[in-house]
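Here's the letter readout for the chains.
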Amino acid sequence: MTTTAPLADSRAIGLAHYAARAVLEQVMARHGLDFLQTTVLRPLATADEPPSRAQLVQVVVDAVKVSAAQVERTVEELAGRGLLTVDDSGAVRLTEAGRQVYAAGAAETAQASARIWAGIPEADLAAAGRVLALVAERANAELAAAGHRPRQADPDQADPDQAHPDQKR
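The following paragraphs examine the structure supplied in this document. Here the structure is a predicted model, which is why all the values come from computation and not from measurement.

Considering unusual backbone geometry
- If you check the backbone angles, Lys65 has positive phi at about 60° while not being a glycine.
- Its location among the elements puts Lys65 in the loop between helix 3 (53–64) and helix 4 (68–80).

Take a look at the structure:
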């Protein structure tokens, strides 16, 4: 009996997304962070220059399709925990504590990601990357055409359209 690979579709992509996100959430929870908190910290940890608060909020809104208010609340939560600061100019920076907690979670996530992605041929990864980029582009165009407004629901209960932000091959 020959088994053929299933065709990629929204369900297959969604199942992969939820599985990868569950790994991220499990790891980051051990470091005291939820999904949206992790998603806010990532651009700060990877930026060459600190973004303005408005830039950070827009990056996260665009990535996970949540409201700006949700991101603002998360920025406040993280600042309250001493993981980031917003200076008088509006620039947002990780504190040393924020950098440490994010780095520890990201390192652990990278180990899990390496196991997940191990052995997948480069050509398959390249093809999947091209297809997923096109799907994301088209889905974002559909949202824009429909006048998409980000969800107001709790992001931990929502259905974000972003794959795990730290997933690396």
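Having seen it, we continue.
Examining the pattern of salt bridges
- One pass over the structure, following the stated rule, counts 5 salt bridges.
- In this structure, the salt-bridge partner of Glu108 is Arg30, at a minimum N-O distance of 2.2 Å. With Glu108 in helix 5 (residues 96–117) and Arg30 in the loop between helix 1 (10–29) and helix 2 (35–46), this residue pair connects regions lying 78 residues apart in the sequence.
- One salt-bridge network, held together by shared partners, links Arg53, Glu72 and Glu76.

Quick notes on the packing of aromatic side chains
- Tallying each qualifying case throughout the model produces 0 aromatic pairs.
- Against the face of Phe35 rests Arg21, its NZ or CZ located 3.7 Å from the ring centre.

Thoughts on the nonpolar core
- With 25 residues, the main nonpolar core has Val40, Leu41, Val71 and Leu84 as its most contacted residues.
- Elements with a contribution of two residues or more to this core: helix 1, helix 2, helix 3, helix 4, strand 2 (92–94) and helix 5.
- Look past the residues within four positions of Val40 in its chain and what remains in contact with it is Leu56, Val60, Val71, Thr74, Val75, Leu78 and Leu84.

Quick notes on helix 5
- With 22 residues, helix 5 ought to run about 32 Å at 1.5 Å a step, and its terminal C-alpha atoms sit 30 Å apart, in line with that.
- Residues Gly98, Val101, Tyr102, Gly105, Ala106, Thr109, Ala112 and Ser113 constitute the buried set of helix 5. Down the axis of helix 5, the smallest arc covering the buried residues is 125°, so these residues share one side. Facing away from the buried side of helix 5 by more than 90 degrees, the exposed set consists of Glu96 and Arg115.
- On its buried face, helix 5 sits against helix 1, helix 2 and strand 2.
- Within two residues after helix 5, Gly119 carries a phi angle of roughly 80°, on the positive side.

Analysis parameters
- Residues numbered from 1 in each chain as written.
- Predicted model: local features only at pLDDT ≥ 70, side-chain atom pairs only at ≥ 80, totals over all residues.
- Heavy atoms only, no water.
- Helix = DSSP H or I, 4+ residues; strand = E, 2+ residues; numbered from the N terminus.
- Salt bridge = Lys/Arg side-chain N within 4 Å of Asp/Glu carboxyl O.
- Phe/Tyr/Trp six-rings, centres within 6.5 Å; stacked < 30°, edge-to-face > 60°.
- Lys NZ or Arg CZ within 6 Å of the ring centre and 35° of its normal.
- Core = buried A, V, L, I, M, F, W, Y, C linked by side-chain atoms within 4.5 Å.
- Buried < 20%, exposed > 50% of the residue type's maximum accessible area, 1.4 Å probe, protein only.
- Contact = heavy atoms within 4.5 Å.
- Expected span 1.5 Å × (residues − 1).
- Arc of directions from axis to C-beta.

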